[in-house]
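# Chain and residue survey
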Amino acid sequence: MSRLVIAPLLVVVTTAVLTLALGRRPRVQRATSVAGAVGYVGTVSVAVWALVLGETAPGAAVYQVGDWPAPFGITLVLDGLSAFMLTIAAGVGLASILFSVRYVTPENQRVYYHPLFHMLLAGVTGAFLTGDLFNLFVWFEVMLVASYVFVAFYGTDHATAASFRYLVMNVFGSALMLVAVGGLYATTGTLNMADMARRLATPDAYGIDPAPVVGLSALLLAVFALKAGLVPFQFWVPAAYTAAPAPVTAMLAGVTKKVGIYAIVRLYFTVFAAATIPVDVAGLTGTSPLDFLAPVLGAMGVASILVGGFGAIGRDRLGGVFAYSSIGQVGFIAIPVAIAAAADPTGALRGVAIAAALVFALHHALAKGLLFLSVGAVEDATKTDRLRDLGGLAGHSPVLSGAVFVGLCSLIGLPPLTGFFGKFLAFDAAIRGLASDSGLLSALALVALLLGAALTILYATRVWVGGFWGRETAAVEVASVESGQVTVLVALAAAVVLVGVGFDPIYRFAETAATAALDGEAYVDIVGLNGGDGA
């Protein structure tokens, strides 16, 4: 059963190799790419059900590559948290590759597009599964190398400049991450996350001084915030999102951003939370790295909501609105994580807040995946995404416009869509935090969430009223919407509705994921470092 852990990674890497080999047979290449994406969804589904969610599932499983035992070998771990994130990646990945086949021109699909897409998905998959810090860095790089090429994919001046900006910032971030990883190895004597958690919980038993972990974790927080596009590291987001092909932008916003959030949750709550370390960094004091994380990540989340919301209101293009919206929406994910960091570890708030962040991450992946793919469909049909040139599109193409309307309503948070539950749970976590030790942080977070919700209503209404209603423009009069693209959009819109209508099992899944993130001792056990068998 443990071999199911590595199955999604094997499927996506194999698909990348096959699509590269079939570059001179474009139809076969496209069919192989789609089949690989379907196979990836299938293996993720089987692995998640058999190992995490099924009635007889063990709840988590580990695969030791090459049968080298932890902490010496490469460890892959599938637990509730990684399973939840892989499910998001599988859903958005399949929709994006199906849309790619009907959206990207055949000439641009040949040779490199499909192999790079699946390597991007491989980087995401490896990051979610890896059990050690160095391989987290490696999978980050796999993901980023593919992203660099996609941002510069069309070769325009705008794309080249965006790619260069994206490259410089992320190369700097990668160098910083490597320094932090090396520092943690020098401090703890291990790179295996479970082993690091065990050593930090009882540092005297291993003869280590854990004090440097706070500063090194701060470096990692900066890197992961950069990957997630949180303020003040958001500068690459608008240019990169508007330069890349629409299906890739859906992946960047819906999936790769979540890798940064996942890494924050995994390292801080599963690994660092067990450590008792005096914190005295930039005026912040406490006894745990979480005491540093809470105010810093909370400030990033609040700033992201404001910058993204006001930035989206000021954009005149559909892609620009949604790019800035992504900056703001990731703040809705970061704030519950910050509240969880400030919460009493023995109370229920920490689990509630992490579950809220995960549910909002799922909502954001589905809604933003839908909206960025819609930008591609609109631009493909009308040759523009400028709002003032899209008037009358609701009447000209009601199915396409209806899908966009569902995505906008989910962003606003209307029931029974996924966005309603994401926002409701984020507000619930902030309100619960008012009565806890994190009262001040929760109060500021609540104000920011309310303002962010109002800003979302403003820019979503502006998009719909200013871009889709009104008199039909010249660009819309001659627009021809591609039926295959609309089919993918309708399927995603249906997913947004169905996940909301059938929310109860989704929330139970999120609770399972939150429990896995917070139970560091169980994580150590499953890897086999506390007497567990690792199976």
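Figured I'd write up the structure that's included with this text. Given the structure is predicted, the values throughout are model-derived calculations rather than measurements.

### Things to note about the overall build of the protein
When helices and strands are counted, the protein shows 23 helices and four strands. By the compact-globule yardstick of 24 Å for 535 residues, the protein fits well, its C-alpha radius of gyration being 22 Å. Counting only C-alpha atoms and orienting by the principal axes, one finds that the protein spans roughly 75 × 55 × 45 Å. Buried residues in the protein amount to 61% of all 535 residues. Contacts in the protein between residues at least 24 apart in sequence constitute 77% of all its contacts with a sequence separation of at least 6. Carbon and sulfur atoms form 66% of the exposed surface of the protein, whose accessible area is close to 19,000 Å². Taken together, the 26 basic and 29 acidic charged side chains of the protein have centroids lying 12 Å from each other.

### Overview of unusual backbone geometry
Following valine 231, the chain continues to proline 232 via a peptide bond in cis, the omega torsion being 10°. Cis geometry marks the peptide bond from proline 415 to proline 416, where omega comes out at 5°. Take proline 416: it is sitting in the loop between helix H17 (398-412) and helix H18 (418-433). With phi around 60°, aspartate 67 is a residue other than glycine that occupies positive phi space. By secondary structure assignment, the location of aspartate 67 is in the loop between strand S1 (61-64) and strand S2 (75-78). Overall, aspartate 67 belongs to the exposed group, its relative accessible area being 71%.

### Remarks on helix H21 (residues 483-501)
Over its 19 residues, H21 runs 27 Å from end to end, which matches the ideal 27 Å to within 8%, given 1.5 Å per residue. Backbone nitrogen of glycine 484 and a side-chain oxygen of the N-cap are separated by 2.8 Å at the start of H21; the cap is glutamate 482.

### A word on the environment of alanine 460
With respect to the helices, strands and loops of the structure, alanine 460 is situated in helix H19 (residues 439-467). The spatial distance from the C-alpha of alanine 460 to the C-alpha of lysine 258 is 23 Å, given a sequence separation of 202 residues. Those residues in contact with alanine 460 that sit more than four places away from it in its chain are Leu408 and Ile412.

### Notes on the pattern of salt bridges
On inspection of all chains with the given rule, the structure shows eight salt bridges. Between arginine 386 and aspartate 316 there is a salt bridge, and its shortest N-O distance comes to 3.0 Å. Taken together, the positions of arginine 386 in the loop between helix H15 (349-382) and helix H16 (393-396) and aspartate 316 in the loop between helix H13 (289-313) and helix H14 (318-342) put the pair 70 residues apart, joining distant regions of the chain. Among the residues examined, aspartate 316 registers a relative accessible area of 36% and is labelled partly exposed.

### Considering helix H6 (residues 133-151)
Between its first and last C-alpha, H6 extends 27 Å over 19 residues, near the 27 Å set by a 1.5 Å rise per residue. Sitting at the head of H6, aspartate 132 places a side-chain oxygen 3.2 Å from the backbone nitrogen of phenylalanine 134.

Reading the values: rules and limits
Residues numbered from 1 in each chain as written. Predicted model: local features only at pLDDT ≥ 70, side-chain atom pairs only at ≥ 80, totals over all residues. Heavy atoms only, no water. Helix = DSSP H or I, 4+ residues; strand = E, 2+ residues; numbered from the N terminus. Rg over C-alpha atoms; globule rule 2.2 N^0.38 Å. Buried < 20%, exposed > 50% of the residue type's maximum accessible area, 1.4 Å probe, protein only. Contact = heavy atoms within 4.5 Å. Areas by Shrake-Rupley, 256 points an atom, 1.4 Å probe, with all protein chains shown as cover. Lys, Arg positive; Asp, Glu negative; His and termini not counted. Charge placed at Lys NZ, Arg CZ, Asp CG, Glu CD. Expected span 1.5 Å × (residues − 1). Polar contact = N/O pair within 3.5 Å; in protein donor to acceptor, adjacent residues only side chain to side chain. Salt bridge = Lys/Arg side-chain N within 4 Å of Asp/Glu carboxyl O.

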